[in-house]
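Coordinates in review
Residues per chain are reported as follows:
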Amino acid sequence: MIDFMRTHSTRLYAIAAAALALIAHYVQDLPTGLILALVAAVLGTGEAVQRVEDGKTTRALHQEPPAST
């Protein structure tokens, strides 16, 4: 499960952000404080996703390129 989350972290983040926007739009009686707290959580998650992607880029930069044919 952790490997799946690391591999697809950007996609999972996009789904969570889209779901939050849809819920905030369609559920009229949500308190503003709850929506702001969820937005802050999504922004924090975005930072974590960025760090995972940066780690994958760094590992790829330190690998040998594949041999061309």
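Residues numbered from 1 in each chain as written. Predicted model: local features only at pLDDT ≥ 70, side-chain atom pairs only at ≥ 80, totals over all residues. Heavy atoms only, no water.

1. Some details on the overall build of the protein
A count of helical and extended segments in the protein gives three helices and zero strands. Taken against the 2.2 N^0.38 rule, which gives 11 Å for 69 residues, the C-alpha radius of gyration of the protein at 17 Å runs more than 25% over that of a compact globule. In the form shown here, the protein has an accessible surface area of approximately 5,900 Å², with 66% of it arising from carbon and sulfur atoms. Here the protein contributes 5 positively and 6 negatively charged side chains, and the mean placements of these two sets differ by 4 Å. (Helix = DSSP H or I, 4+ residues; strand = E, 2+ residues; numbered from the N terminus. Rg over C-alpha atoms; globule rule 2.2 N^0.38 Å. Areas by Shrake-Rupley, 256 points an atom, 1.4 Å probe, with all protein chains shown as cover. Lys, Arg positive; Asp, Glu negative; His and termini not counted. Charge placed at Lys NZ, Arg CZ, Asp CG, Glu CD.)

2. Some thoughts on the pattern of salt bridges
Throughout the structure, instances matching the rule amount to two salt bridges. The salt bridge partner of Arg51 is Glu47, with a shortest N-O separation of 2.9 Å. Of this pair, Arg51 and Glu47 are both found in helix α3 (residues 32-61), four residues apart, which corresponds to roughly one turn of the helix. A salt bridge links Glu53 to Lys56, with the nearest nitrogen and oxygen atoms 3.0 Å apart. Pair noted here: Glu53 and Lys56 are both in helix α3, with a separation of three residues, about one helical turn. Residue Glu53 is classed as partly exposed on the basis of its relative accessible area of 26%. (Salt bridge = Lys/Arg side-chain N within 4 Å of Asp/Glu carboxyl O. Buried < 20%, exposed > 50% of the residue type's maximum accessible area, 1.4 Å probe, protein only.)

3. Re α3
Taking 1.5 Å as the rise per residue, α3 with 30 residues should run 44 Å; its terminal C-alpha atoms sit 43 Å apart, in good agreement. Those residues of α3 that fall on the buried side of the exposure criterion are Val42, Gly46 and Val49. Packing partners of the buried residues in α3 comprise α2 (9-26). (Expected span 1.5 Å × (residues − 1). Contact = heavy atoms within 4.5 Å.)

4. Quick word on a nonpolar patch on the surface
Judged by side-chain polarity, Met1, Ile2, Phe4, Met5, Leu12 and Ile15 come together as a nonpolar surface patch covering roughly 660 Å² of accessible area. Breaking the nonpolar patch down by element, the ones donating at least two residues are α1 (2-7) and α2. Here the nonpolar patch gets three residues from one element, more than from any other, and that element is α1. Tracing the chain through its elements places Ile15 in helix α2. Since its relative accessible area comes to 57%, Ile15 is described here as exposed. (Patch = residues over 30% accessible without salt bridge, like charges linked within 9 Å, V, L, I, M, F, W, Y side chains within 5 Å.)

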